[in-house]
Amino acid sequence: MIGLVRGNVVDLPTNVALSYFWCGGFMISVFLVLQFVSGVILSFLYVADVGLSFGCVCDFTQDSFYVWLVRYGHVWGVSFIFLLFFLHMGRALYYSSYSKVGVWNVGFVLYILMMAEAFLGYILPWHQMSYWAATVITSILSSVPLVGPSLYKYVVGGFGVTNTTLIRVFSAHVCLAFVILGVSVLHLFYLHRSGSNNPLFISGGYSDVVLFHSYFTFKDFFLLMVLSFCFCFFCLFSPDLFLDVESYIEADPLVTPAAIKPEWYFLAFYAMLRSVESKVGGLLLVVCFLFFLWLPTFNSSCCYSVLRQLFFWWGVSFFVLLTYLGACHPEYPQVLVSKVVSLILVGLVGLYKGLWVVPYSSGIPRLGF
């Protein structure tokens with residue numbers, strides 16, 4: 001065991017050119033552990049019942065300071081994880097890390113699982129926004145051809161979002177946390193198997209190397225201290241910054257909120273979904289975007305190519321714009337702009353992955369599995 005730790009943490013040969021952008025994986029791991037521990041504590045106190053859940057969550061903030069801190073630490077931990085996820089995936093896209101097939105595939109699956117876990121957790125407080133978000137998103141399942149109605153009844157446990165749905169969501173939320181931890185370990189395994197990429201595009205990533213400790217452990221520790229300070233600041237001084245007003249109102253199936261919107265890390269996908277009049281069309285648009293985002297290819301162009309940089313930063317700008325549009329009221333011209341921007345973004349991601357492609361069978365060594 002000691003030899004395994006030394007080989008993968010202490011004496012791991014690492015390219016000296018790696019910047020702070022390569023610390024994202026460690027930061028995500030730390031916040032995942034924080035989420036897991038705080039989630040286990042909250043699961044002992046939470047009651048999955050439509051008549052009690054909202055009051056139970058409200059009691060978390062009134063019971064004691066420690067329970068209050070655990071609850072808001074869990075809330076803010078999700079935002080920090082997704083912020084780090086976006087930076088981590090952005091760096092991977094910028095430096096063509098998707099050419100390392102094993103690492104990229106497992107990492108993308110981890111991102112999808114994290115989105116599912118965050119959505120399930122958002123439903124549990126059973127306030128107005130969580131109830132209607134669950135109603136809107138699960139209704140998309142009924143639009144799936146052939147199996148839609150049966151799939152909807154299987155997921156929600158009936159003809160609508162009820163107490164049965166809440167119990168299933170709570171069970172899935174707890175179980176999925178263990179799956180995410182396992183997939184995270186698998187992602188780390190493939191990373192150490194194929195090696196990390198680097199900003200200098202040195203083949204294999206093992207030229208001009210230093211040992212991981214102490215050069216990179218101190219960089220990770222410094223960035224962890226900075227993020228921990230920001231995390232504590234937001235938890236203590238602005239705990240409800242991203243919570244909507246509807247989050248303080250108990251779920252009422254007879255009263256629809258004026259504007260239904262998810263958390264900030266889902267706003268871009270929400271803008272895509274509602275930009276198309278058909279539910280199936282909006283779902284297809286999101287699936288196309290995720291498919292092109294996942295597609296692993298081997299690019300022959302360096303990341304410092306001007307055209308590739310234009311494609312990348314245009315894509316980032318459009319994604320940020322969709323995040324803003326997702327928070328806007330669904331009316332003209334926001335919906336029209338969302339549709340145009342979504343189509344352009346899907347095309348940009350497809351071109352970014354499709355241009356400059358070198359076949360894996362061309363003699364270039366394959367990294368990954």
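Residues numbered from 1 in each chain as written. Predicted model: local features only at pLDDT ≥ 70, side-chain atom pairs only at ≥ 80, totals over all residues. Heavy atoms only, no water.

**Observations regarding the overall build of the protein chain**
Helix and strand counts for the protein chain come out as 13 helices and two strands. For 369 residues, the compact-globule formula gives about 21 Å, and the C-alpha radius of gyration of the protein chain, at 22 Å, lands near that figure. Taken along its principal axes, the extent of the C-alpha atoms in the protein chain is 65 × 45 × 35 Å. Within the protein chain, buried positions represent 45% of all 369 residues. Counting contacts in the protein chain only where the partners sit at least 6 residues apart, residues at least 24 apart contribute 79% of the total. Working note: accessible area of the protein chain is about 18,500 Å², and carbon and sulfur atoms make up 75% of it. In the protein chain, the 15 positive side-chain charges and the 15 negative ones have mean positions that sit 17 Å from each other. (Helix = DSSP H or I, 4+ residues; strand = E, 2+ residues; numbered from the N terminus. Rg over C-alpha atoms; globule rule 2.2 N^0.38 Å. Buried < 20%, exposed > 50% of the residue type's maximum accessible area, 1.4 Å probe, protein only. Contact = heavy atoms within 4.5 Å. Areas by Shrake-Rupley, 256 points an atom, 1.4 Å probe, with all protein chains shown as cover. Lys, Arg positive; Asp, Glu negative; His and termini not counted. Charge placed at Lys NZ, Arg CZ, Asp CG, Glu CD.)

**Topic: the packing of aromatic side chains**
Note on aromatic pairs: each is described by the distance of the centres and the angle between the planes. Per the counting criterion, the structure on display carries 45 aromatic pairs. A ring pair is formed by Phe82 and Phe85, whose centres lie 6.2 Å apart and whose planes are at 45°; its orientation type is tilted. Here Phe82 and its partner Phe85 are both found in helix α4 (residues 65-94), three residues apart, which amounts to about one turn of the helix. Of the two residues examined, Phe82 and Phe85, each falls in the buried class. With a centroid separation of 6.0 Å and an interplanar angle of 70°, the aromatic rings of Tyr98 and Trp104 are classed as edge-to-face. (Phe/Tyr/Trp six-rings, centres within 6.5 Å; stacked < 30°, edge-to-face > 60°.)

**Some details on the layout of surface pockets**
Roughly 960 Å³ of internal volume is contained in the second largest pocket. Lining the second largest pocket are 29 residues, with Met115, Ala116, Phe119, Ile137 and Leu141 positioned closest to its centre. Only α5 (101-123), α6 (128-141), α7 (148-156), α8 (163-194), α10 (267-275) and α11 (279-294) provide two or more residues apiece to the lining of the second largest pocket. Of the residues in the lining of the second largest pocket, the class split is 25 nonpolar, two polar and two charged. (1 Å grid on protein atoms, 1.4 Å probe; cavity = no way out; pocket = protein on both sides within 12 Å on 5 of 7 lines; lining within 4 Å. Points joined across faces, edges and corners; volume = space filled by probe spheres on them. Nonpolar A, V, L, I, M, F, W, Y, C, P; charged D, E, K, R; others polar.)

**Topic: the pattern of salt bridges**
One side chain can pair with another of opposite charge once the charged atoms of both are near each other. Applying the stated criterion across every chain yields a total of one salt bridge. In this structure, the salt-bridge partner of Glu277 is Lys339, at a minimum N-O distance of 3.2 Å. With a gap of 62 residues between them, Glu277 in the loop between α10 and α11 and Lys339 in helix α13 (residues 334-354) connect regions that are remote in the sequence. For Lys339, a relative accessible area of 26% gives the class partly exposed. (Salt bridge = Lys/Arg side-chain N within 4 Å of Asp/Glu carboxyl O.)

**Structural notes on unusual backbone geometry**
Of note, the bond from Tyr332 into Pro333 is cis; its omega dihedral lies within 30 degrees of zero at 5°. Structurally, Pro333 is set in the loop between α12 (306-327) and α13. A positive phi is found at Trp126, a non-glycine position, where the angle reads about 60°. Relative to the assigned elements, Trp126 resides in the loop between α5 and α6.

**Observations concerning the nonpolar core**
If you look at the biggest cluster of nonpolar residues, it comprises 91 residues, and the most contacted ones within it are Phe82, Phe269, Phe289 and Leu322. Counting residues per element, this core draws most heavily on α5, which supplies 14 residues. Discounting chain neighbours no more than four positions away, the residues touching Phe82 are Tyr111, Met114, Met115, Ala118, Trp264 and Tyr265. (Core = buried A, V, L, I, M, F, W, Y, C linked by side-chain atoms within 4.5 Å.)

**Regarding the side chain of Arg308**
If you trace the backbone, Arg308 turns up in helix α12. For Arg308, a relative accessible area of 1% corresponds to the buried category. Among the polar contacts listed, one links the side chain of Arg308 to the side chain of Ser96, at a separation of 3.0 Å. Among the polar contacts made by the side chain of Arg308, one reaches the side chain of Tyr98 at a distance of 3.0 Å. (Polar contact = N/O pair within 3.5 Å; in protein donor to acceptor, adjacent residues only side chain to side chain.)

**Comments concerning the confidence of the model for the protein chain**
Taken as a whole, the protein chain shows an average pLDDT of 86; of its residues, 92% reach a score of 70 or greater. Put simply, helix α1 (residues 2-10) is where the protein chain has its lowest mean pLDDT, 68, and α5 is where it has its highest, 93. Confidence over residues 363-369 falls short of pLDDT 50; this stretch has 18 contacts with residues more than four positions distant or in other chains. (pLDDT = per-residue confidence, 0-100.)

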